[in-house]
Amino acid sequence: MLKSIVVLVIMLGLVFCSCKGSEQIDSEAAGGEKMEIKITSTAFAEGGMVPPKYTCDGQDISPPLEWEAVPEGTKSIALISDDPDAPMGTWVHWVIFDLPAETRKLEENIAPDKTLPNGAKQGITDFGSVGYGGPCPPSGTHRYFFKIYALDEKLDLAAGARKRELLKAMEGHILGQGQLIGKYKRK
């Protein structure tokens, strides 16, 4: 009976975790409590509307992003942007990794190149292309998560990796993380 209750509690916990809207990596996998990294944008506030300039209705360029200091021991930084409100499941808008540890911002309009001048690599989005793909919801207001991760190593991943590959490679290597949420609704 006790075993059945434990299994039920675990199953309910898994269901609850899968409904949070955006994947989170277990802090225990990274060796304990992670440092919170504050990420902001001069283009929109936390929970605010993403300007059309950064969407499929505008220039569809990446927004400017900035973040605070990262934990000691950080060797690289990764960023994932996705939309958990997409009708077919979470839609990936941007995958970028191996940013140098000293990086504290991404300028507006990052080129859609597999490898950037600073050595960072970009992955394939759910649009099937490399680099940023802006919000373009089919209906309603969607949330767009910009998640940053401070890692204790450079990743052994090739440019063009997908989000799932990046998440797997980051397991056990996250020292800190943070997120910024923007919203968008097409007119």
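Let us look at the structure shown here. (Residues numbered from 1 in each chain as written. Predicted model: local features only at pLDDT ≥ 70, side-chain atom pairs only at ≥ 80, totals over all residues. Heavy atoms only, no water.)

Here the focus is the sheet that holds strand β1 (residues 35–36). With respect to topology, six strands assemble into an open sheet ordered β1-β9-β8-β4-β5-β7, the strand pairing being mixed. Looking along the sheet, the strands with just one partner apiece sit at the ends: β1 and β7 (121–122). Both strand β5 (residues 91–100) and β7 contribute to a ladder of two bridges, which runs antiparallel. Across the sheet, Phe97 pairs through a bridge with Lys121, a residue of β7. (Pairing = 2+ DSSP bridges. Helix = DSSP H or I, 4+ residues; strand = E, 2+ residues; numbered from the N terminus.)

Turning our attention to the pattern of salt bridges. Any two side chains of opposite charge can pair if their charged atoms end up close together. Considering all chains together, one arrives at seven salt bridges under this definition. Of the charged contacts in the structure, one is a salt bridge between Lys121 and Asp98, with a shortest N-O distance of 3.4 Å. With a gap of 23 residues between them, Lys121 in strand β7 and Asp98 in strand β5 connect regions that are remote in the sequence. Under the relative-accessibility criterion, Asp98 is labelled buried at 2%. (Salt bridge = Lys/Arg side-chain N within 4 Å of Asp/Glu carboxyl O. Buried < 20%, exposed > 50% of the residue type's maximum accessible area, 1.4 Å probe, protein only.)

Here we come to the environment of Glu108. Following the sequence through the fold, Glu108 ends up in the loop between β6 (105–106) and β7. For Glu108, a relative accessible area of 31% corresponds to the partly exposed category. Through-space distance from the C-alpha of Glu108 to that of Ala43 is 9.2 Å; in sequence the pair is 65 residues apart. When residues no more than four places from it in sequence are discounted, the contact partners of Glu108 are Lys53, Tyr54, Ile61, Ser62, Pro63 and Pro64. (Contact = heavy atoms within 4.5 Å.)

Attention now goes to unusual backbone geometry. Positioned with a positive phi, Asp60 is a non-glycine residue whose angle comes to about 55°. Structurally, Asp60 is set in the loop between β2 (39–40) and β3 (65–67). Positive phi is not limited to glycine here, since Asn109 has a value of about 65°. In this structure, Asn109 sits in the loop between β6 and β7.

Ordered by their spatial adjacency, three strands build an open sheet running β2-β3-β6, and the pairing between neighbours is antiparallel. Unpaired on one side and paired on the other, β2 and β6 mark the two borders of the sheet.

Moving on to the packing of aromatic side chains. The full count for this structure, using the stated rule, is three aromatic pairs. Between Phe44 and Phe146, the aromatic rings sit 5.8 Å apart at their centres with planes inclined by 45°, giving tilted as the arrangement. Of this pair, Phe44 sits in the loop between β2 and β3 while Phe146 sits in strand β8 (residues 142–151), and the two are 102 residues apart along the sequence. Exposure remark for Phe146: the relative accessible area of 1% places this residue in the buried category. With a centroid separation of 5.4 Å and 80° between ring planes, the pair formed by Trp94 and Tyr132 is classed as edge-to-face. Of this pair, Trp94 sits in strand β5 while Tyr132 sits in the loop between β7 and β8; the two residues are 38 residues apart in sequence, bridging distant segments of the chain. Considered together, Trp94 and Tyr132 belong to a single accessibility category, that of buried residues. (Phe/Tyr/Trp six-rings, centres within 6.5 Å; stacked < 30°, edge-to-face > 60°.)

On to the state of the cysteines. In the structure shown here, the tally under the stated rule is one disulfide. Between Cys56 and Cys136 runs a disulfide, and the two sulfur atoms are separated by 2.1 Å. Here the disulfide of Cys56 and Cys136 is right-handed, its torsion about the S-S bond being about 80°. Residue Cys56 is located in the loop between β2 and β3, and its partner Cys136 is located in the loop between β7 and β8; the two are separated by 80 residues in the primary sequence. A residue is classified by how much of its surface remains accessible, and Cys56, at 28% relative accessible area, is partly exposed. (Disulfide = S-S within 2.5 Å.)

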